[in-house]
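Next come the chains, spelled out residue by residue.
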Amino acid sequence: MFRRTSLVVAGLLLVAGCSSGQQSAQNRQGQAGFVSGNGNVSTFAAADRKPAPELTGKTLDDKTWTLSDHKGKVVVLNVWGSWCPPCRKEAADLVAASKELGPSVQFVGLNTRDLDPAPAKKFVQEFGVPFPSIYDPNGKALLRFRGQISPKAIPTTLVIDKDGKVAGRVVGEVTKQTLLGMVKDAS
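Peer 1: Just to check I follow, could you spell out helix α5 (residues 176-186) for this structure?
Peer 2: Note on helix geometry: an α-helix contains 3.6 residues per turn, so any two residues three or four positions apart are oriented the same way. Listed as buried for α5 are Leu179, Leu180, Met182, Val183 and Ala186. The buried residues of α5 occupy an angular sector of 165° when the element is viewed end-on, so they sit on one face. Those residues of α5 that are exposed and aimed more than 90 degrees away from the buried face are Gln177, Lys184 and Asp185. Lining the buried residues of α5 we find β1 (40-43), β4 (74-80), α2 (85-101), β5 (105-112), β7 (156-160) and β8 (166-171).

Here it is in structure tokens:
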């Protein structure tokens, strides 16, 4: 009974798919099962920034990653799932931005809703993702960001300033140019 319930819940999460919180009733041809974000960018003045919650977890390569270990650096946090088409589409831009910005900026992924780590690991390998990703199949780590990231908003990217405060957010697919500008503003 528990296994059946777990499978039903997992199925519902996958059906919810990529979403920006917009009404799913909107007509999106060719996008059955999810609603992607529109790439809406929000930036916050230094005085208006809210602290990012403490984030820690095991990465896909089974190492512990903790946000507070990176205080003093700008951190780019990308919430993604291997099952999410917009996540696949933005992967090259995230990789390119992380390579261009180099070690002065810490990139980290937050992989969510992949109930088995194998597809997430394949995604990382396929796209040559050079930065770690926290494995969060049940969304517990994601829920720490209530008010900053909607649990339905996959993908979402946050730029966290050197003081550990959220400087900007992109709901939906992010581009390299957008990221470069947001990181510059957060520095």
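Peer 1: It is not clear to me how the packing of α2 against helix α3 (residues 117-127) should be interpreted in this structure. Could you clarify?
Peer 2: Two packed helices can be described by the angle between their axes and the distance between those axes. Relative orientation of the contacting elements α2 and α3 amounts to 50°, with a least axis distance of 10 Å. Regarding the angle of α2 to α3, the classification is oblique. Considering the relative orientation of α2 and α3, their crossing is right-handed. In contact with Cys87, Arg88, Ala91 and Val95 of α2, α3 contributes Phe123, Glu126 and Phe127. Classifying every residue of the contact of α2 with α3 by side-chain character gives five nonpolar, no polar and two charged.

Peer 1: I tried to follow the packing of α2 against α5 on my own but got confused; where do I start?
Peer 2: Packing of α2 against α5 leaves a shortest axis separation of 8 Å and a crossing angle of 40°. On the basis of their axis angle, the class for α2 and α5 is oblique. Handedness of the α2/α5 crossing: right-handed. Counted together, Asp93, Leu94, Ala96, Ala97, Glu100 and Leu101 of α2 and Lys176, Leu179, Leu180 and Val183 of α5 form the full contact between these two elements. The class makeup of the residues in the contact of α2 with α5 is seven nonpolar, no polar and three charged.

Peer 1: I would appreciate a short explanation of the nonpolar core in the present structure.
Peer 2: The tendency in soluble globular proteins is for nonpolar side chains to be buried as a group. Core analysis: the largest hydrophobic core is formed by 43 residues, its most contacted members being Leu55, Phe107, Val159 and Leu179. Contributing elements (two or more residues each) for this core: β4, α2, β5, α3, α4 (140-143), β7, β8 and α5. With six residues, β4 is the largest single contributor of residues to this core. Excluding anything up to four places from it in sequence, Leu55 contacts Trp65, Thr66, Leu67, Leu77, Ile134, Ala141 and Phe145.

Peer 1: What is the right way to read the pairing of β5 from this model?
Peer 2: In the case of a regular strand, side chains alternate between the two sheet surfaces. Among the eight residues of β5, eight are classified as buried, and the element is accordingly described as predominantly covered. Across the two faces of β5 the burial is the same, with Val105, Phe107, Gly109 and Asn111 and Gln106, Val108, Leu110 and Thr112 all buried. Across seven bridges, β4 lies against β5 in parallel orientation. Bridged to Val76 within β5 is Phe107. What joins β4 to β5 is α2, and the crossover it makes is right-handed. Sheet topology places β5 next to strand β6 (residues 133-136); four bridges connect them, and they run parallel. Pairing of Thr112 across the sheet is with Asp136, part of β6. Following the chain from β5 across α3 to the adjacent parallel β6, one finds a crossover that is right-handed.

Rules used throughout
Residues numbered from 1 in each chain as written. Predicted model: local features only at pLDDT ≥ 70, side-chain atom pairs only at ≥ 80, totals over all residues. Heavy atoms only, no water. Buried < 20%, exposed > 50% of the residue type's maximum accessible area, 1.4 Å probe, protein only. Helix = DSSP H or I, 4+ residues; strand = E, 2+ residues; numbered from the N terminus. Arc of directions from axis to C-beta. Contact = heavy atoms within 4.5 Å. Axes fitted to C-alpha atoms, helices over the stretch in contact; angles between N-to-C directions. Parallel < 35°, antiparallel > 145°, perpendicular 65-115°, else oblique. Left-handed = near helix turned anticlockwise from the far one by under 90°. Nonpolar A, V, L, I, M, F, W, Y, C, P; charged D, E, K, R; others polar. Core = buried A, V, L, I, M, F, W, Y, C linked by side-chain atoms within 4.5 Å. Pairing = 2+ DSSP bridges. Right-handed = clockwise from strand over helix to strand, strands pointing away.

By themselves, these observations are geometric and do not establish any function.
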